[in-house]
Amino acid sequence: MKTTTEKLLKEIKENGGISSIISKVCDIKNDSIEENTRTLLNYGWYISGQMKMKKTSEVIELIKSEKTVEAESILMNFFRENLTKIEEQLITKHSDRKPIFEEAFNAYKSNMFYSSTILFLSQGDGIIDGKIFHNRKNLDKHLDKEKNPNFVSLLKEDSSLNVPSNKINKSKYFSKLNRHSVMHGKSTDYGTEINSLKALSLCCFVSDWYNRY
């Protein structure tokens, strides 16, 4: 007899995957969650599992209308307003990283955005075992298709955060936050609140979605 989990996974697969189900339930009118994720990646943001899909849809529509300031304001406010809850969830789920996350969040709260940005980036990288930035083209080999929604595989695609630093100035990228530039000391002006929250969004994305299902 199949377990409840096995039945759930079977239903998800038969209904077009978790992305299709979320889209139908939340009545998302714009592109698929994969396309929405790809759009946000170009601006250096990652989708948190705690953010309502209708709110994500609203952000995407603003970006399409070239109202990026308003769109990013919504994203920043989401992480500000849910900061305590996000911190608790990350520490609970990744207890071995508790002292690092505590220091990262304390740095953010103290407006030490250089410190918080680099710490959030390193932990986002660590949660997914470095597969975002190292040998990411082979990410699919590490993804259990029954546990990961389709948009997790987008982590293997080029984005402003994961491309080599010499590509970041090309017009296709709308965010200057680049992991290689930050971690290797090439960038000296990344210490902003928006970059810190973008790095935190990476932590949320991999924690919420990687091997979730």
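Located above this text is the structure these notes cover.
About the cut-offs
Residues take numbers from 1 onward in each chain, read along the sequence in its written order. Totals for whole chains, interfaces and linings use every residue, but because this is a predicted model, local features are given only for residues with pLDDT of at least 70 and side-chain atom pairs only at 80 or more, for both listing and counting. Heavy atoms throughout the structure, all of them, feed into the side-chain values; hydrogens and water do not. Each residue is placed in one exposure class: buried if its accessible area under a 1.4 Å probe, protein chains only, is under 20% of its type's maximum, exposed if it is over 50%, and partly exposed if it falls in between. Counting from the N terminus, the helices are DSSP H or I runs at least four residues long and the strands are E runs at least two residues long. As used here, the arc belongs to the directions running from the helix axis to the C-beta atoms. Note on contacts: a residue pair is in contact if any heavy atoms of the two residues lie within 4.5 Å. Two cysteine sulfur atoms make up a disulfide if the distance between them is within 2.5 Å. A pair is scored as a salt bridge if a Lys or Arg side-chain nitrogen falls within 4 Å of a carboxyl oxygen belonging to Asp or Glu.

Engineer: Run through helix H6 (residues 83–93), naming residues and quoting values.
Structural biologist: Inspection of H6 places Leu-83, Ile-86, Glu-87, Leu-90 and Ile-91 among the buried residues, and these make up the whole buried set. Projected onto a plane normal to the axis of H6, the buried residues spread over an arc of 125° and lie on a single side. The inward-facing, buried residues of H6 abut helix H5 (68–81), helix H7 (98–109) and helix H10 (193–209).

Engineer: Give me the state of the cysteines: which residues, what numbers.
Structural biologist: Overall, the coordinates contain 0 disulfides when judged by the stated rule. Sulfur of Cys-204: no disulfide; nearest cysteine sulfur belongs to Cys-203 and is 6.7 Å away.

Engineer: Please set out the pattern of salt bridges residue by residue, giving values where relevant.
Structural biologist: Within this structure, the stated rule accounts for 9 salt bridges. Here Glu-35 and Arg-38 are joined by a salt bridge, their closest N and O atoms 2.5 Å apart. Residue Glu-35 and its partner Arg-38 are located together in helix H3 (residues 33–42), separated by 3 residues, close to a single helical turn. Close ionic contact of Glu-61 with Lys-64 constitutes a salt bridge, the shortest N to O distance being 3.9 Å. Residue Glu-61 and its partner Lys-64 are both found in helix H4 (residues 53–64); the two are separated by 3 residues, about one turn of the helix. Taking relative accessible area as the criterion, Glu-61 reaches 35% and is therefore assigned partly exposed. Residue Lys-64 is classed as partly exposed on the basis of its relative accessible area, which comes to 44%.

Nothing here speaks to function; it is geometry throughout.
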